[in-house]
2 protein chains.
Amino acid sequence: MKTFINGKPESTVPVLNRGLNYGDGFFETLLVKDQTLPFLSYHLQRIRRTAIILDLEINEPELNETLEKALTLYPDEGNFCLKIQFIRETSGRGYGYQSRTCDQIVSVFSEYINRGWQRPPACAGFLKTHITVNQDLAGLKHLNRLDSVIASKELNENGWDEGFFIHNDYVISGSKHNVFLVDSNNCLITPSITIAGIAGVMRQYLIDQFDVVEKPITAQDLYQATSIFLTNALVGIWRVASLDGQQYSDETKLNQIISSIR
Amino acid sequence: MKTFINGKPESTVPVLNRGLNYGDGFFETLLVKDQTLPFLSYHLQRIRRTAIILDLEINEPELNETLEKALTLYPDEGNFCLKIQFIRETSGRGYGYQSRTCDQIVSVFSEYINRGWQRPPACAGFLKTHITVNQDLAGLKHLNRLDSVIASKELNENGWDEGFFIHNDYVISGSKHNVFLVDSNNCLITPSITIAGIAGVMRQYLIDQFDVVEKPITAQDLYQATSIFLTNALVGIWRVASLDGQQYSDETKLNQIISSIR
């Protein structure tokens, strides 16, 4: 694992850091694959959109430097994970901020082995843990992620690879992935991300490439699906084998989608 | 400003810190007043309750050491602010955690001047910014505070000292304080904290000391109040002079309450 701040090797941040104190910042998780950055334009689009909503200004040359480093740091082929955190400049005590400047671009490089289609299909369940709801922040990959942290305990206790958050009877997302289903008409569906959840890069890519319906979905919709799969930028696409005991084995549509991104 | 980690002078935390990465921790803000810690039992009660909900184990000797330091660090009389952060031990990449241990107690001491009753009464308004809703986390002073950060921009733009979050037509709290109202029957009322907001130490003290009704309240309830005030552990009690243009001048009940805690 290698860590940098603003392109310089660095392993610590100040105690008064607003990312630590309030979660005042956001992050992006990218796959580095054989010295390329797949879906880079999607990541950049989300970075810029998030910065606007959180009233942050990104130093573009420093961002570019970080991305270039990703292409040269590991000379070998293979998969690596690049996590970039964008953190607001520290000011005095309290929630209020004096600066729109994101003065710390923190990058963490680590190894990443198996993508979704290289793993055994996932075992999933429905979470009792509640997803955090805030329509101002929905879709953003901000630093306030306690709901997913708490959900991880429920995953462990149940032996699940992933769990689905439900809010007011609607499935929002997994705790670490977005979710898609294929219905009995071979239609590809994913939950709307309007009040909670992260609008993932792989999710957006599939929406742009395939006929995907974004709409509210229920647990019943997932039970009646012919197949279900999980997505994020690292895992790509990961088939769900079982949900709450129900088995899914139809891989026709799934294999078609996977072959388009592999 | 002086900063410590586990009682040792320290100004940085690791980049991989789970507080920074996910907001996986919580904090407590205490007033240090003339070398005493008012309401300490309330703070300790909230620390222990929060640790249980977040599945964290606090090192009690280290916590005690931090609190003792607070009483000796500033030999002069006066008001100081002690912010203590409790952060989960770092493990590998991802939301999941391998440890219940809170291995970093981060303490930040800073000066604090005017308490609520020493300040001009507050000017307040209703926020368009949404409060983050999660019934698992409601009441906790956890590190996921982006809603209050975003609200601070709205306060600045409107020249307000405080703004009230509204969710589904109900007032939840201020962005930095709890809120109380005195109604026309001289009854003391504060919103329930069941789905969002922080259950403040001063709020709990008033509930224990006075006949306070905790119930859902609306903007209309605030407009019709004879007086409104803000509370937190640092400010104590701070009268609201105006809300959305409406003036409040009845200080009878308020002065009685203030004199009990001053």
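Residues numbered from 1 in each chain as written. Chains lettered and ligands numbered in written order. Predicted model: local features only at pLDDT ≥ 70, side-chain atom pairs only at ≥ 80, totals over all residues. Heavy atoms only, no water.

**Q** Explain the overall build of chain A to me, please; I cannot follow it from the model alone.
**A** Looking only at helices and strands, chain A features seven helices and 15 strands. For 262 residues, the compact-globule estimate of 2.2 N^0.38 gives 18 Å, and chain A sits close to it at 19 Å. Viewed in the frame of its principal axes, chain A has a C-alpha envelope of about 55 × 45 × 35 Å. Within chain A, buried positions represent 61% of all 262 residues. Counting only carbon and sulfur atoms, one obtains 46% of the accessible surface of chain A, whose full area is about 10,500 Å². Within chain A, one finds 24 positive and 30 negative side-chain charges whose respective centroids are separated by 2 Å. (Helix = DSSP H or I, 4+ residues; strand = E, 2+ residues; numbered from the N terminus. Rg over C-alpha atoms; globule rule 2.2 N^0.38 Å. Buried < 20%, exposed > 50% of the residue type's maximum accessible area, 1.4 Å probe, protein only. Areas by Shrake-Rupley, 256 points an atom, 1.4 Å probe, with all protein chains shown as cover. Lys, Arg positive; Asp, Glu negative; His and termini not counted. Charge placed at Lys NZ, Arg CZ, Asp CG, Glu CD.)

**Q** Is there a simple way to explain the domain arrangement of chain A in this structure?
**A** All names here are of chain A. As assigned here, chain A comprises domain 1 (2-113) and domain 2 (117-261). Computed from C-alpha atoms alone, the centre-to-centre distance between domain 1 and domain 2 is 25 Å. Between domain 1 and domain 2, the contact holds 23 residues from the first and 23 residues from the second. Both faces considered, domain 1 and domain 2 share a buried interface measuring about 1,900 Å² in area, 66% of it formed by carbon and sulfur atoms. Interface area lost by domain 1 to domain 2 is led by Phe39, Tyr42 and Arg46, which between them contribute 34%. Connecting domain 1 to domain 2 are zero salt bridges. Going through the elements one at a time, helix H1 (18-22), strand S4 (25-33), helix H2 (40-53) and strand S5 (79-88) are the ones with two or more residues in the side of domain 1 that touches domain 2. Among the elements that take part in the side of domain 1 that touches domain 2, S4 stands out by supplying seven residues, more than any other. (Domains from an automatic or database assignment. Contact = heavy atoms within 4.5 Å. Buried area = accessible area lost by both parts, 1.4 Å probe. Salt bridge = Lys/Arg side-chain N within 4 Å of Asp/Glu carboxyl O.)

**Q** What is the right way to read the nonpolar core from this model?
**A** Side chains that are nonpolar tend, in soluble globular proteins, to be buried together. If you look at the biggest cluster of nonpolar residues, it comprises 82 residues, and the most contacted ones within it are A:Ile58, A:Leu63, A:Phe86, B:Ile58, B:Leu63 and B:Phe86. For B:Leu63, the contacting residues outside a window of four places in its chain are B:Leu44, B:Ile47, B:Ile58, B:Ile84, B:Phe86 and B:Ile105. (Core = buried A, V, L, I, M, F, W, Y, C linked by side-chain atoms within 4.5 Å.)

**Q** Explain the relation of the copies chain B and chain A to me, please; I cannot follow it from the model alone.
**A** Here the two chain copies are tied together by a rotation about an axis and a shift along that axis. Between chain B and chain A, which share one sequence, the superposing operator has a rotation angle of 180° and an axial displacement of 0.0 Å; the RMSD is 0.0 Å. These values place the two chain copies in the arrangement generated by a two-fold rotation axis. Relative to the rotation axis, the closest C-alpha in chain B is found at B:Leu20, a distance of 2.0 Å. Most of the interface of chain B is mirrored in chain A, where 100% of its interface residues again form contacts. (Least-squares fit on C-alpha atoms with pLDDT ≥ 70 in both.)

**Q** In this structure, what is going on with the pairing of S5(A)? I would like to understand it.
**A** Residues and elements named next belong to chain A. With respect to burial, S5 is a largely interior element, 10 of its 10 residues being buried. Burial along S5 is two-sided: Asn79, Cys81, Lys83, Gln85 and Ile87 facing one way and Phe80, Leu82, Ile84, Phe86 and Arg88 facing the other are all buried. In this structure, S5 lies alongside strand S6 (residues 102-111), joined through nine bridges in antiparallel fashion. Looking at S6, one finds that Cys81 is bridged to Ser110. (Pairing = 2+ DSSP bridges.)

**Q** Help me understand the interface of chain B and chain A, please; the structure alone is not making it clear to me.
**A** Interfaces are often described in size by the accessible area the parts lose on coming together. Across the contact, 61 residues belong to chain B and 61 residues belong to chain A. Across the interface of chain B and chain A, roughly 4,700 Å² is buried in total on both sides, 62% from carbon and sulfur atoms. Of all residues in chain B, the largest losses of buried area upon contact with chain A belong to B:Leu20, B:Tyr95 and B:Leu146, amounting jointly to 17% of the total for that side. Our count for the contact surface shared by chain B and chain A stands at 20 residue pairs in polar contact (both at pLDDT 80 or more). When residues of the side of chain B that touches chain A are traced back to their parent elements, those giving at least two are strand S1 (2-5), strand S3 (12-14), helix H1 (18-22), strand S4 (25-33), strand S5 (79-88), strand S6 (102-111) and helix H4 (146-158) of chain B. Tallying contributions element by element places H4(B) first for the side of chain B that touches chain A, with eight residues. In this structure, strand S3 (residues 12-14) of chain A lies alongside S3(B), joined through three bridges in antiparallel fashion. Within S3(B), the position partnered with A:Thr12 by the bridge is B:Pro14. (Polar contact = N/O pair within 3.5 Å; in protein donor to acceptor, adjacent residues only side chain to side chain.)

**Q** Looking at this structure, I do not really get helix H3 (residues 60-72) of chain B. What am I missing?
**A** Turn by turn, an α-helix covers 3.6 residues, leaving residues three or four places apart pointing in a common direction. Under the 1.5 Å per step criterion, the end-to-end length of H3(B) is 19 Å for 13 residues, consistent within 8% with the ideal 18 Å. The inward-facing, buried residues of H3(B) abut S1, S4, helix H2 (40-53), S5 and S6 of chain B. (Expected span 1.5 Å × (residues − 1).)

**Q** Is there a simple way to think about the sheet that holds strand S2 (residues 8-9) of chain B in this case?
**A** Note: strands within a sheet are paired through backbone hydrogen bonds, in either parallel or antiparallel orientation. Reading across from one edge, S2-S1-S6-S5-S4 (chain B) is the order of the five strands in this open sheet, with antiparallel pairing throughout. Edge positions in the sheet fall to S2 and S4 of chain B, since each of these pairs with one other strand and no more.

**Q** Help me understand helix H7 (residues 252-261) of chain A, please; the structure alone is not making it clear to me.
**A** Residue and element names in this part refer to chain A. Among all positions in H7, only Lys253, Leu254, Ile257, Ile258 and Ile261 are buried. End-on, the buried residues of H7 take up no more than an arc of 125°, which puts them together on one face. In H7, those exposed residues whose orientation departs by more than 90 degrees from the buried face are Thr252 and Ser259. Taken together, the buried residues of H7 touch strand S10 (178-182), strand S11 (188-190), helix H5 (201-209), strand S13 (227-232) and strand S14 (236-243). (Arc of directions from axis to C-beta.)

**Q** How should the packing of aromatic side chains be read in this particular structure?
**A** Given two aromatic rings, their pairing is described by the distance between the two centres and the angle made by the two planes. The tally for this structure, following the rule as stated, stands at 18 aromatic pairs over all chains. Note on B:Phe4 and B:Phe109: the rings are 5.8 Å apart at their centroids and 85° apart in plane angle, and the pair reads as edge-to-face. Of this pair, B:Phe4 sits in strand S1 while B:Phe109 is found in strand S6, placing the two residues 105 residues apart along the sequence. On the basis of relative accessibility, which here comes to 7%, the residue B:Phe4 falls in the buried class. Look at B:Phe39 and B:Tyr205: their rings are 4.8 Å apart centre to centre, the planes differ by 65°, and that puts the pair in the edge-to-face class. You can see B:Phe39 sitting in the loop between S4 and H2 and its partner B:Tyr205 sitting in helix H5 (residues 201-209), a full 166 residues away along the chain. Per residue, the accessibility class of B:Phe39 equals that of B:Tyr205, and both read buried. Taken together, the ring pairs connect A:Phe39, A:Tyr42 and A:Tyr205 into an aromatic cluster. Cation over ring: A:Lys69 sits above A:Phe4, and NZ or CZ is 4.6 Å from the ring centre. (Phe/Tyr/Trp six-rings, centres within 6.5 Å; stacked < 30°, edge-to-face > 60°. Lys NZ or Arg CZ within 6 Å of the ring centre and 35° of its normal.)

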